[in-house]
Structure formats: C-alpha cells, structure tokens
Amino acid sequence: MMAQLIDGKALAFLKKQETAEQVKAFLNQTGIQPSLHVLLIGDHPPSRIYVQNKKKACELVGIHSVVHQLPFDVTQDDVLNLIRGLNVRQDVHGILVQLPLPQHLNTQEILETLHPKKDVDGLHPYNLGRLLMGKPLLVPCTPQGCLQLIQSVEKNIQGKTAVVIGRSLLVGRSLAALLTNYDVTVTLAHSKTKDLKEISSKADILVAAIGSPEFITGDYIKNGAVVIDVGINRVELEGGTSCLKGDVNFKEAATVASFITPVPGGVGPMTISNLLINTVKAAQLQSSSS
Ligand code: NAP
C-alpha cells in the first residue's frame, strides 16, 4: 500500500489562519501589533529567498516585519550593537538572525546576545535549556513544525519510538528533546552512528535532517512508519536546470511508510508558520512582563 502524504502546506495554512486571529485579538486587547526584525547578512541566495518568504508570511497574518540587510563583511561588533539596540526597543518583539552567517562572524556569540524573550528561532541557550528541562518557552521553529506534522497523523505518540537522523541544534538535537518531552523514546543518530540502517528501520517515526539528497532509501524504514523529511537539497539537473530533493528517496519510502512528508511542501511551510506563532508568543510574553 502507498503511504499517505502529510500535507505541510495545508497544515501551515491552517496555522497561519489561527495566527492571524491571534494577531487581531492581541491588537484589539493591547493596541500592539506584533513585529519581527530579521537580520539578513551577505548575499546567500537561499537565505534571501527564505527571508522574502518569511516577510510575505508576516504580511499575510498582520505581523509587522523589517529586514535589516547587512553587507557580507559587516563586523561582529556592528551585528552585536544592532541586536542590543533591537533588544531594548519596545516596538520590536521578535528578532531572527538568518543562518548560516559568513565565516568571519561568531554565530554562537550573536545568538547569545539576543534577548531570550525575543529569540523567535528558539536558539538562545536559555530557550534551548528550557526545552531540555521540559519547560519550553520559545521552541525552535523547524522541530516544532516536525512535531505538529507527526501529531497531525498520529494523535497519541506517547511510547512510540523515533529515530532522528542529524544532530544540529537547529533541527535534530532540538527535535530529539521535544519528542522526549512528549514521551517518545528517541534515538538521535549522526554521521558516526553505526548500523544506521538497522537502527532506523525499527522506528515508528523516522525523521531525516541530514542534508544529503535521497540518502534514506526504503530499507531504512519500518513498515508503516511515519516519515518526516526535513532535508532541502538543490540538485543540478542536465540542461542547466535544478530541483529540490529531500533527504528521503520519496518513491521508495512511499511504498513502505504509512505517512510521509513531501519536499517541497512538507516541513518547510511549517517552519515559517511556527516563526509567526513564536513572534506572537514573544509579543505576548513582553506585554505580560512590562
Ligand atoms: P547540518 O547542521 O549540516 O547537520 C547535518 C546532520 O546530519 C549532522 O548532525 C550530521 O552528523 C548528520 N549527517 C551527515 N551525514 C550523515 C550520514 N551519512 N549519516 C548520518 N548522519 C549524517 O544540517 P541542518 O541544519 O540540521 O539541516 C539538515 C537538512 O535540513 C538540510 O538539508 C537543510 O537544508 C534542511 N533544513 C530544512 C529546514 C526546513 O524548514 N525544511 C530547516 C532547517 C534545515 P554529524 O553531526 O556527525 O556531522
């Protein structure tokens, strides 16, 4: 039997509608329009597209957004000073630093400079610590999106087994903590994991966040598993064109899994809808503490 598609675009659309309602209600109650400031550094073409999409999504739900386009050779001090300025501005609720940054910049220091309550990507050590403690405040957007996609087809995930492949803070490591908070038994795999195929083919839920096109073939997947493909890989085709591929070989996986996300149209749209959710949450947090 063929797997059913988990439609991230459709779910993200519903989440955006809910967020638009929340923005309206918040504005009515407080007179405050949530606002997101994005730092885009250099001229990394995918980052430019991601930021454009985030700005469009903000407009759609009524969040005010500002993009700070900084040159590739901006200094660490200039970035930190911009963030410090935004941290203290009452009309700025969310700050997002679009990653990856140019190599000369210290990403860790930049993320640690963000005000934790404005850290809408959830990557400040305070937010990651809260996630690890099972008391999350602002949760990283992509892992939160993966969880929502899983829950949209599997109502009760307590006691299920999951293998998450990839241990970046942005995705795999944070998702492993998040799923653990929902009583899932999680194995976090990476490039040094031995017998990956054997381990992953036992999981009820398989998440691939590797960055390697179609790495996960059918034999990595348990019969009837839920498969979440986080990977976004641009693959060059003959004739100078290109296309996007996930980390999962969709054709093969679809013959084994029960549910599977497509690329594009799976995790990507959920990442953006969770950025909007986090921006509203950040505005609420700041208005309740002021
Ligand atoms: P990353 O920081 O490069 O991390 C990749 C992870 O995959 C690392 O932990 C690495 O292990 C592991 N890995 C690499 N080769 C492996 C192998 N052969 N077997 C097992 N594990 C392996 O990447 P990322 O930022 O997490 O992103 C992963 C993918 O998701 C990328 O395609 C990215 O574009 C995509 N992404 C999508 C969204 C979205 O919204 N859909 C958001 C973020 C990222 P080591 O730690 O041992 O090196």
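Residues numbered from 1 in each chain as written. Predicted model: local features only at pLDDT ≥ 70, side-chain atom pairs only at ≥ 80, totals over all residues. Heavy atoms only, no water.

**Q** Could you give me a rundown of the packing of helix α1 (residues 8–30) against helix α6 (residues 141–153), with the residues and numbers involved?
**A** Relative to each other, α1 and α6 sit at 105°, their axes nearing to 11 Å. Between α1 and α6, the crossing angle belongs to the class labelled roughly perpendicular. When α1 is examined against α6, the residues G8, L11 and K15 are found in contact with a partner set consisting of Q148, L149 and S152. Residues of the contact of α1 with α6, tallied by class, amount to 2 nonpolar, 3 polar and 1 charged. (Axes fitted to C-alpha atoms, helices over the stretch in contact; angles between N-to-C directions. Helix = DSSP H or I, 4+ residues; strand = E, 2+ residues; numbered from the N terminus. Parallel < 35°, antiparallel > 145°, perpendicular 65-115°, else oblique. Contact = heavy atoms within 4.5 Å. Nonpolar A, V, L, I, M, F, W, Y, C, P; charged D, E, K, R; others polar.)

**Q** An account of the environment of L80 is needed here, citing residue identities and associated values.
**A** For L80, the location among the structural elements is in helix α3 (residues 76–88). For L80 and T113, which are 33 residues apart along the polypeptide, the C-alpha to C-alpha distance reads 6.8 Å. Residue contacts for L80: discarding those within four places in its chain leaves E109, I110 and T113.

**Q** Can you explain the nonpolar core? Please cite residues and give values.
**A** The nonpolar side chains of a soluble globular protein tend to be buried, and buried together. Ranked by internal contacts, the top residues of the largest apolar core, which has 27 residues, are L149, I157, L175, L179, V207, I228 and V230. Listed by contribution, the elements that provide at least two residues to this core are α1, α6, β5 (161–165), α7 (172–181), β7 (205–208), β8 (226–229) and α10 (267–289). Leaving out residues up to four positions away in the same chain, V230 has contacts with T142, C146, V171, V207, A208, A209 and V267. The next biggest cluster of nonpolar side chains, apart from the first, holds 19 residues, and it includes L196, I221, A253 and I260. (Core = buried A, V, L, I, M, F, W, Y, C linked by side-chain atoms within 4.5 Å. Buried < 20%, exposed > 50% of the residue type's maximum accessible area, 1.4 Å probe, protein only.)

**Q** Any chance you could break down the pairing of strand β10 (residues 242–245) for me, citing the residues and the numbers?
**A** Taken together, the 4 bridges between strand β9 (residues 233–236) and β10 define a ladder with antiparallel strand orientation. Note that in β10 the partner of R234 across the bridge is L244. The hairpin turn running from β9 into β10, its antiparallel successor, is 5 residues long, and G239 in that turn takes a positive phi close to 90°. (Pairing = 2+ DSSP bridges.)

**Q** Residues and numbers for the site of the ligand, please.
**A** Near the ligand lie 21 residues; those nearest to it are R167, S168, S191, I232 and T271. Within the contact set of the ligand, an oxygen atom lies 2.5 Å away from a side-chain nitrogen or oxygen of S168. Burial of the ligand by the protein amounts to 69% of the accessible area it has alone, namely 920 Å². Among the elements that take part in the shell around the ligand, α10 stands out by supplying 3 residues, more than any other. Residues of the shell around the ligand, tallied by class, amount to 10 nonpolar, 10 polar and 1 charged. (Near = heavy atom within 4 Å. Polar contact = N/O pair within 3.5 Å; in protein donor to acceptor, adjacent residues only side chain to side chain. Areas by Shrake-Rupley, 256 points an atom, 1.4 Å probe, with all protein chains shown as cover.)

**Q** Residue-level account of the domain arrangement of the chain, with values.
**A** In terms of domain boundaries, the chain breaks down into domain 1 (32–115) and domain 2 (141–267). Here domain 1 and domain 2 have C-alpha centroids that lie 28 Å from each other. (Domains from an automatic or database assignment.)

**Q** Hey, could you go over the pairing of β5 for me, with residue numbers and the actual values?
**A** For β5, the tally of buried residues reaches 4 of 5 residues, placing the bulk of the element in the interior. Inspection of the sheet shows β5 paired to strand β6 (residues 185–189) by 5 bridges, in the parallel sense. Its bridge partner lying in β6, V163 is registered against T187. Assessed by its sense of winding, the connection that carries the chain from β5 through α7 to β6 is right-handed. (Right-handed = clockwise from strand over helix to strand, strands pointing away.)

**Q** With reference to specific residues and values, describe a negative patch on the surface.
**A** Judged by side-chain charge, D77, D78, E109 and E112 come together as a negatively charged surface patch. Elements that contribute at least two residues to the negative patch include exactly α3 and α4 (107–113). Inspection of the secondary structure assignment puts D77 in helix α3. (Patch = residues over 30% accessible without salt bridge, like charges linked within 9 Å, V, L, I, M, F, W, Y side chains within 5 Å. Salt bridge = Lys/Arg side-chain N within 4 Å of Asp/Glu carboxyl O. Lys, Arg positive; Asp, Glu negative; His and termini not counted. Charge placed at Lys NZ, Arg CZ, Asp CG, Glu CD.)

**Q** Help me get a handle on the sheet that holds β7, residues and values and all.
**A** Read from one edge to the other, the open sheet built from 6 strands follows the order β1-β11-β8-β7-β5-β6, with strand pairing classed as parallel. The two strands at the open ends of the sheet, each matched to only one other strand, are β1 (4–5) and β6. Both β1 and strand β11 (residues 259–260) contribute to a ladder of 2 bridges, which runs parallel. Following the sheet pairing, Q4 is matched in β11 by F259. The strands touched by α7 are β5, β6 and β7; relative to β6, the strand with the most contacts, the crossing angle is about 170°.

**Q** Go over the pattern of salt bridges with me, naming the residues and quoting the values.
**A** Throughout the structure, instances matching the rule amount to 7 salt bridges. In this structure, D43 engages R48 in a salt bridge whose closest nitrogen and oxygen atoms are separated by 2.9 Å. The exposure class of D43 is exposed, given its relative accessible area of 55%. What makes R48 partly exposed here is its relative accessible area of 34%. Of the charged contacts in the structure, one is a salt bridge between K197 and D219, with a shortest N-O distance of 3.0 Å. You can see K197 sitting in helix α8 (residues 196–200) and its partner D219 sitting in the loop between β7 and β8, a full 22 residues away along the chain.

**Q** Residue-level account of the sheet that holds strand β2 (residues 35–41), with values.
**A** Taken together, 3 strands build an open sheet; the order of strands is β3-β2-β4 and the sheet is parallel. Two strands bound the open sheet, and with one partner strand each, they are β3 (64–70) and β4 (94–97). Put simply, the sheet's adjacent strands are angled 15° from each other on average, direction ignored. Here β2 pairs with β4 via 4 bridges, running parallel. Residue pairing for β4: H37 is matched across the bridge by I95. Along the sheet face, helix α2 (residues 45–61) touches β2, β3 and β4 and points at about 170° away from the line of β2.

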